[in-house]
Amino acid sequence: MVFAAPNEALARAEGLLGADPSPLHASIAHQVIGIWQRDFGDTRRALAHLRRARDLASRADSAEREADVLATLGVALVHSGRTREGLAAFERGVARGTGHTRARVLYRRAYVWWVLGRHGAALEDVRRAIPVLRHADDVIWTARALTLRATVHLALGAVERADADFTAAEALWDTTGQEHDKADAVESRGLAAFRSGDVPAALRLLDEAEERYAKLGTPTFMLTIRRCEVLMAAGLATEALTEADGALAALDGIGGQSTRKAELLLVAARAARLAGDPQTALARAAVAVRLFAGQRRTWYETHARLVLIEARVATGRGSGRLVADAAEVAERLAAFGAPAAPEASLLAGRIALGLGWTADAERHLAVAARSRHSGPPLARMTGWAAQALRAGSARGVLEACRRGLDVLDDHRMTLGASELRARATAQGAELAALAQRASLVSGGPRRLLVWSERWRATVLSAPPTRPPADPALLSGMTAFREIAARAEEARTDGGRPVPALEREQRRLEREIRSRTLHMRGEAPGDGDRFDVGRLLRRLGDDVRLVELAVLDGRVHVLLCGQGRVRRFEAGLLTDAEREAEHVQAGLRRLAHPGAEARLPLVEAAGGRLQELLLGPAAAHLGSGPVVVVPPGRLHRVPWALLPALRERVLSVSPSASSWLRAKETAPPRSGRQVLVRGPGLASGGAEVPELADRYGTPPRTPGGVQAWAARGARPAGPEDGAGRREVPTVLEGTAARVPRVLRELDGAALAHIAAHGTFRADSPLFSSLRMADGPLIVHDFERLDRSPYRIILSCCDTARFASVGADELLGLVTALLPLGTAGVVACSAPVNDAAVVPLMLALHKGLDAGLSLAEALRDARAALPDDAVHQATGWAFSAFGAA
């Protein structure tokens, strides 16, 4: 009962002790309290109760009772770090018990062997226990033993054996009322899903287990460890570190198990290393190594030493001693049968290569490369990375990189959430960089362009999986919108946040995000590989596409057009990033009247940016349109500010492949237009009523209607005898509510949204546009069957993104591009609301005349008044895509 209903069991045990029970019954009560304290409370109190239970069993002269208590005491001693005492207690327990009781003791000792990382001994004890438990028709303990054996199989990489045992255990659990053990079974299935490479299923099952544990009031430290492992595999290392550190604080607060503390420190160290924080990784791993050594847990100690070495290498401490340490760790992990062994061999090889020890590097890399043909995706990628590093030719490097990235492509497409797909690309960053270096040395600009595209903005290569019609998810999003609107209203009215509303908003955000991360991918891998010839044909002789590739910190400009690809070297990426931040700060100042004196400074900074980003390529751009394809870390550059681009037809794209897809996207048959005006704009969204009037009448220029229709913005309804067309849908006031806005946007030819935009760097898919009933977020856009063919976002910060993974961007614009949008106009900085109005009216004037978004935006900038506020406003907006 202490597992099925722990608090009730605790109350009954305490009540029994208050009724002067016999030594036998008192022993049982103290054992129950000891188990409760061991798993849910203070291990010191647990040990006191369990020792009392053992003494009372001896007084009752019951060998079976004493054996059972000794097994429980042994587990508690090991969890408190007293491994020698714990194993001695098990020796006495096995000797005192017989038959059925001894089988239960053996099961618990098998559990302890698993905790200690001694998997062979664990399998031997559970092998001896299961037949006896089955013969005794002990359903609960048989199911526990099968679950344990499955967990040990997973630790050894035997996923199929684990699945068989989990299935058998689950069938038994269905016949019992053991809710804690059922939750544990769900958690174990989540672990199995993770080991087999199914990250969404793992997250879903672990979340379900957490809900079950919460109903029982059970602490979830082991579940946290497993969830952190899954989060790291999904590229969410910072989130995993936060969870692990929170669990450590909670465990210390209750005086919890020393074994769990060591495991949490290990997972926190791994998360910190993956999150790019080697100093934190060093600190956590060093403490974990000491704790595991004191607990005699060599399996875990060896894994902690691996993280310690990785963190030291990340701080730049390559040395011969570290090569030897990594090699020793690899040998020990291989002897344990641990799946992490190839990772350690790869590490040893990398360090040796850095020192120029080619013979040693080859030996270690050859061992790591054996994993490339089998195992879960990330293990195979480790093998292909090792093979690429040891390849003796550029051809061999590129083949290994191609095979490794193909493995990661297949893995990413099992992920339904665009965020997980984006973050998972970090696993391929090393392979992509190796391929780019090999291309630069031996393949010329065309090959470098192919490999630059191979791992750039890959999330946009296939539409994200549509969120399921999940009532809980839909109601959660509605509740989130209402709470967010109330919180914003409270801040606006009173000037101060309301903590209760903000806490509830954060809770709902976590719930929505959690449910979206559960989605499995449905689309197959993208078989339409990038073709340089196709790109050059589309560009023709007039258009230039400028793709910026970063190799070893330097920007390389790949200039495509006139049937060829040329390469130029520009500046350092870090210098360009720093200059871009200065420009952004200048644009923010210029958004307010009175900062005119800063205009020459901002223009000068634009010249410096051009030198750093384009270098000598700026003189070879020709006179036609330019498409810029920047790396993710340069997404905030206001490209129209660069002198060579200032007067041009200019568009931006996350990748050349994305630009090609946008170019070849057919407009919808309907020319339906939607104009949306959100609340609270300083200008009141003044352009919207004027645009409504303008689009109610066809353009008067010669051939205007035909040109406008050819661009995909055909009239939504039949023309009357006077040549008038249907008035666009206008949503404002209470009509501009999220459900209605989404319905109207779906499949529209042109949408214009005037609303306050908010970019969330901490959670980019909660970046939003403010509607009458609350925020319209990226998750909402992902529910559209087809986003508008063209969309204009006359809002601050709508072209801001979070750069994640290898070279991916998360934000409003990148959510729209895979969903059918071929062109977007958006803003990368805060702007003056009043100055936006004339820019938007001029932009639509160009569209009405049959121009593309990039052409219309160029002309709209030129039509603005020649003052600092309007100039800064024009530079802050960019055209994305090719419509």
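Preceding this section is the structure that the text describes.
Report follows, based on the coordinates. Keep in mind that what you see is a predicted model, and the values were worked out from it rather than measured.

1. Thoughts on the overall build of the protein chain
- When helices and strands are tallied, the protein chain shows 38 helices and 16 strands.
- Over its C-alpha trace the protein chain gives a radius of gyration of 31 Å, about what one expects of a compact globule, namely 29 Å for 883 residues.
- Counting only C-alpha atoms, the protein chain reaches 105 × 65 × 50 Å along its principal axes.
- The buried share among the 883 residues of the protein chain stands at 59%.
- Partitioning the intrachain contacts of the protein chain with sequence separation of at least 6 by distance along the chain shows that 71% fall at a separation of at least 24.
- Total accessible area on the protein chain stands at roughly 33,900 Å², and carbon and sulfur atoms take up 50% of it.

2. Details of the pairing of strand E6 (residues 673-677)
- Within E6, four of the five residues are buried, leaving the element largely enclosed by the surrounding structure.
- Judged from the four bridges that link them, E6 and strand E7 (residues 729-732) form a sheet pairing that is parallel. Considered in E7, the bridge of arginine 677 is made with glutamate 732.

3. Looking at unusual backbone geometry
- The backbone phi angle of aspartate 20 is positive, close to 55 degrees, even though this residue is not glycine.
- Relative to the assigned elements, aspartate 20 resides in the loop between helix H1 (6-17) and helix H2 (23-40).
- Judged by relative accessible area, aspartate 20 falls into the exposed class, the value being 71%.
- A positive phi is found at arginine 296, a non-glycine position, where the angle reads about 60 degrees.
- Along the polypeptide, arginine 296 turns up in the loop between helix H15 (278-294) and helix H16 (298-314).

4. Describing the nonpolar core
- By size, the foremost hydrophobic cluster in this structure holds 136 residues, and its most contacted members are Val112, Leu264, Leu333, Cys401 and Leu420.
- In terms of residue count, helix H6 (residues 99-116) provides more of this core than any other element does, 11 residues in total.
- Residue contacts for leucine 333: discarding those within four places in its chain leaves Thr302, His303, Leu306, Ala338, Ala340, Ala341 and Ala344.

5. Quick word on the sheet that holds strand E11 (residues 774-777)
- On the basis of which strands lie adjacent, the open sheet formed by three strands has the order E9-E10-E11 and antiparallel pairing. Two strands bound the open sheet, and with one partner strand each, they are strand E9 (757-758) and E11.
- Here helix H33 (residues 738-745) sits on the sheet in contact with strand E10 (768-771) and E11, set at roughly 30 degrees to E11.

6. Remarks on the side chain of arginine 109
- For arginine 109, the location among the structural elements is in helix H6.
- Every residue in contact with arginine 109, bar those within four places of it in the chain, is listed here: Phe90, Glu91, Val94, Asp125 and Arg128.

7. Comments concerning the pattern of salt bridges
- On inspection of all chains with the given rule, the structure shows 54 salt bridges.
- Put simply, arginine 513 and glutamate 239 hold a salt bridge, and the shortest N to O gap is 2.6 Å. Separated by 274 residues along the polypeptide, arginine 513 in helix H26 (residues 499-517) and glutamate 239 in helix H13 (residues 237-253) bring together distant segments of the chain.
- When its relative accessible area of 14% is taken as the criterion, arginine 513 is described as buried.
- With relative accessibility at 22%, the residue glutamate 239 sits in the partly exposed group.
- In this structure, a network of salt bridges that share partners links the residues Glu399, Arg402, Arg403, Asp406, Asp409 and Arg454.

8. Describing the side chain of aspartate 198
- When you line up the elements, aspartate 198 lands in the loop between helix H10 (179-195) and helix H11 (199-216).
- There is a polar contact of 3.2 Å between the side chain of aspartate 198 and the backbone nitrogen of alanine 201.
- Setting aside chain neighbours within four positions, we find aspartate 198 in contact with Ala193 and Arg520.

9. Considering the environment of tryptophan 451
- Within the fold, tryptophan 451 resides in helix H24 (residues 444-454).
- Residues tryptophan 451 and alanine 849, 398 residues apart in the sequence, show an inter-C-alpha distance of 39 Å.
- Dropping the residues within four chain positions of it, tryptophan 451 is found in contact with Leu398, Cys401, Arg402, Leu405, Ala435, Gln436 and Ser439.

10. Comments concerning the packing of aromatic side chains
- Applying the stated criterion across every chain, the model contains five aromatic pairs.
- For the pair tyrosine 107 and tryptophan 141, a centre-to-centre distance of 5.6 Å together with 85 degrees between the ring planes defines the contact as edge-to-face. A residue pair is termed long-range when its members are at least 10 positions apart, and tyrosine 107 in helix H6 and tryptophan 141 in helix H8 (residues 139-155) qualify at 34 residues.
- Accessibility expressed as a relative area gives 13% for tyrosine 107, which makes it buried.
- Taking the relative accessible area as the measure of exposure, tryptophan 141 reaches 12% and is therefore buried.
- When the centroid spacing of 5.4 Å and the interplanar angle of 70 degrees are considered together, the rings of phenylalanine 480 and phenylalanine 766 count as edge-to-face. Here phenylalanine 480 is found in helix H25 (residues 471-494), whereas its partner phenylalanine 766 is found in the loop between E9 and E10, with 286 residues between them in sequence.
- Classification of phenylalanine 766 by relative accessible area gives buried; the value is 3%.
- A cation sits over an aromatic face here: arginine 144 above tryptophan 141, 4.9 Å from the ring centre.

Criteria and cut-off values
Sequence positions are assigned chain by chain, starting from 1 and proceeding in written order. The predicted nature of this model means local features are confined to residues of pLDDT at least 70 and side-chain atom pairs, given and counted, to a pLDDT of 80 or more, with totals for whole chains, interfaces and linings taken over all residues. Hydrogen atoms and water are omitted, and side-chain values are computed over all heavy atoms in the structure. Each helix is a run of DSSP H or I of at least 4 residues and each strand a run of E of at least 2, with the numbering of both proceeding from the N terminus. Within these notes, the globule rule equals 2.2 Å times the number of residues to the 0.38 power, and the radius of gyration is based on C-alpha atoms. A 1.4 Å probe rolled over the protein chains alone gives each residue an accessible area, and that area as a share of the maximum for its type sets the label: buried under 20%, exposed over 50%, partly exposed in between. The contact criterion used is simple: two residues touch if any of their non-hydrogen atoms lie within 4.5 Å. Using a 1.4 Å probe, the Shrake-Rupley method yields the accessible areas, and only the shown protein chains count as cover for residues. By this definition, two strands are paired if DSSP reports at least two bridges between them. We define a nonpolar core as any set of buried Ala, Val, Leu, Ile, Met, Phe, Trp, Tyr and Cys residues linked to one another through side-chain atoms lying within 4.5 Å. Note on geometry: axes are lines fitted to C-alpha atoms, helical ones only across the stretch in contact, with angles between N-to-C directions running from 0 to 180 degrees. By definition here, a salt bridge exists when the distance from a side-chain nitrogen of Lys or Arg to a carboxyl oxygen of Asp or Glu is within 4 Å. Here a polar contact is recorded for every N or O atom pair within 3.5 Å, except that within protein the pair must consist of a potential hydrogen donor and a potential acceptor, and residues adjacent in sequence are included only if both atoms are side-chain atoms. The rule is short: rings of Phe, Tyr and Trp, with Trp giving its six-membered ring, pair when the centres are within 6.5 Å, and they are stacked under 30 degrees, edge-to-face over 60, tilted in between. Two thresholds decide whether a charge sits over a ring: the Lys NZ or Arg CZ must be within 6 Å of the ring centre and within 35 degrees of the ring normal.

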